[in-house]
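Structural description and commentary
As a plain string of letters, each chain reads:
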Amino acid sequence: MGDLVIGARSGGPEPEGEGPEQLDGSDRPGQAASAASNSTEETPEGGGKKQAKQRSFWKELPILVGIALILALVIKTFFVQAFSIPSGSMQNTLQIGDRVLVDKLTPWFGAEPERGEVVVFHDPGGWLSDEPTQQSDNAIVRGIQEALSFVGLMPSANEKDLIKRVIAVGGDTVECEGTGPVKVNGIALDEPYIYPGNTPCGDKPFGKVNVPEGRIWVMGDHRADSLDSRFHQDQPGGGTVPVDNVVGRAFVVAWPIGNWATLPVPDTFDQKGLAAAALPYAPPVAGAAVALPAVWWLRRKRG
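Calculation rules
- Residues numbered from 1 in each chain as written.
- Predicted model: local features only at pLDDT ≥ 70, side-chain atom pairs only at ≥ 80, totals over all residues.
- Heavy atoms only, no water.
- Disulfide = S-S within 2.5 Å.
- Helix = DSSP H or I, 4+ residues; strand = E, 2+ residues; numbered from the N terminus.
- Buried < 20%, exposed > 50% of the residue type's maximum accessible area, 1.4 Å probe, protein only.
- Contact = heavy atoms within 4.5 Å.
- Phe/Tyr/Trp six-rings, centres within 6.5 Å; stacked < 30°, edge-to-face > 60°.
- Lys NZ or Arg CZ within 6 Å of the ring centre and 35° of its normal.
- Salt bridge = Lys/Arg side-chain N within 4 Å of Asp/Glu carboxyl O.
- Pairing = 2+ DSSP bridges.
- Core = buried A, V, L, I, M, F, W, Y, C linked by side-chain atoms within 4.5 Å.
- pLDDT = per-residue confidence, 0-100.

1. Some remarks on the state of the cysteines
- For the structure shown, the criterion picks out one disulfide.
- For Cys176, the disulfide goes to Cys201, at an S-S distance of 1.8 Å. The disulfide joining Cys176 to Cys201 has a torsion of about -100° about its S-S bond and is therefore left-handed. Taken together, the residues span a long stretch of sequence, with Cys176 in strand E6 (residues 173–176) and Cys201 in the loop between strand E8 (187–188) and strand E9 (206–210) at a distance of 25 residues. Side by side, Cys176 and Cys201 carry an identical accessibility label, which is buried.

Structure, rendered in structure tokens:
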């Protein structure tokens, strides 16, 4: 099925009357007040300045909370966001109820999804048309969830996002005939992450697909229970997902603690030749990159 993801104390007040008495050792209030005044006033020589009165904890609390919320919002917007797994389409890699952390930073630097990564992406259109948003009927609970999801402390119930594994990227060809295996650029993938008992093609084999530049082909690890690229080939994009729709890469299962695990790229995507077919113009481009500066340097020498 479609995998919808739900997105110091600084000190207390100083006890009254104790500070000055402790400073000058006097038992009389008048002497204590005089000592306190002398210790805080500026001297003619410019020696001492008045001591700043310490703020109470309750006055500082709103400031601390505000700073914490701003930091959480910045982290959610630019760095890391939590998402919840509501279905079994990525089993056994991800279980229902798992919370994953998604890296949102690297896409800001132009990094694009790579084969083998588990990514969260916005619905490209029609993938989750029948999936209801998971919101509480309780208005108070719903308000708290929306507030926490706004700052990234809780997955959002409104966003229709999915989580799948990237199998092929722009320029690749991908296919899976019969019971498999899945082939990318003609190279067969060994996929140990597939749900036990499933075949690589699941119940939806497909012929050769050319993945357009700027798009990715995604599949769930539970091939028999994942409405992924295979099932949307009749829609715009032919089942592929725009790179611009990708929120980021899921890099760790953070909760529950018993399911904690990292999400590395499987070794099968490091096979030699896997990317060769996807980069047919790489040698000429590389040659031109070397040749042009060399020609420019020679012409300057001759001039």
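2. Section: the environment of Val174
- In this fold, Val174 is placed in strand E6.
- Spatially, the C-alpha atom of Val174 lies 8.1 Å from that of Trp217, the residues being 43 residues apart in sequence.
- Once you skip the residues sitting within four places of it in the chain, Val174 turns out to touch Ile167, Ala168, Val182, Lys183, Val184, Phe206, Gly207, Lys208, Val209, Val211 and Trp217.

3. Examining the packing of aromatic side chains
- Here the structure, examined in full by the defined rule, presents two aromatic pairs.
- Here the guanidinium or amino end of Arg165 rests over the ring plane of Tyr193, the centre of that ring lying 4.1 Å away.

4. Remarks on the pattern of salt bridges
- Within the structure shown, the criterion is met by five salt bridges.
- Measuring nitrogen to oxygen at the nearest pair gives 2.7 Å for the salt bridge that ties Asp172 to Arg115. Taken together, the residues Asp172 in the loop between strand E5 (161–169) and E6 and Arg115 in the loop between strand E3 (99–103) and strand E4 (118–122) connect sequence positions 57 residues apart. The same class applies to Asp172 as to Arg115, namely buried.
- Notably, a salt bridge pairs Asp228 with Arg230, separated by 2.7 Å at the nearest N-O pair. Pair check on accessibility: Asp228 and Arg230 agree, each one buried.

5. A look at the pairing of E4
- The buried count for E4 comes to four of five residues, which makes it a mostly enclosed element.
- When E4 meets strand E12 (residues 246–255), the two strands line up antiparallel, connected through three bridges. The residue bridging Phe121 from the neighbouring strand is Val246, located in E12.

6. A look at the nonpolar core
- Counting residues in hydrophobic clusters, the biggest one holds 17 residues, and the most contacted among them are Ile167, Val174, Val182, Val184, Leu189, Phe206 and Trp217.
- Taken together, the elements giving at least two residues each to this core come down to E5, E6, E9 and strand E10 (215–219).

7. Remarks on unusual backbone geometry
- Cis geometry marks the peptide bond from Gln91 to Asn92, where omega comes out at -5°.
- A cis amide bond links Gly180 with the next residue in sequence, Pro181, at an omega value of 10°.
- Within the secondary structure, Pro181 sits in the loop between E6 and strand E7 (183–184).
- Although it is not a glycine, Asn185 sits at a positive phi angle of roughly 55°.
- Assignment of secondary structure puts Asn185 in the loop between E7 and E8.
- Classification of Asn185 as buried rests on a relative accessible area of 12%.

8. Quick look at the pairing of E6
- Where burial is concerned, the two faces of E6 agree: the one with Thr173 and Glu175 and the one with Val174 and Cys176 are both buried.
- Where E6 and E9 come together, three bridges link them in antiparallel fashion. By the bridge assignment for E9, Val174 is matched with Val209.
- With two bridges joining them, E6 and E7 adopt antiparallel strand pairing. Within E7, the residue paired with Val174 across the bridge is Val184.
- Two successive antiparallel strands, E6 and E7, enclose a turn made up of six residues, where Gly178 displays a positive phi of approximately 65°.

9. Here we look at the confidence of the model for the protein
- Summing up the model confidence of the protein, the mean pLDDT is 74 and the portion of residues at 70 or higher is 56%.
- Looking across the protein, the model is least confident in helix H1 (residues 18–24), with a mean pLDDT of 39, and most confident in E10, with 97.
- This stretch, residues 7–44, has a pLDDT under 50; its non-local contacts, to residues over four places away or in other chains, come to 36 contacts.
- The low-confidence segment residues 278–291 (pLDDT under 50) makes five contacts with residues lying over four places distant or belonging to another chain.

10. Points about the sheet that holds E7
- Taken in spatial order, the four strands line up as E8-E7-E6-E9 in an open sheet, and their pairing is antiparallel. Bordering the open sheet on either side are E8 and E9, each of which pairs with just one other strand.

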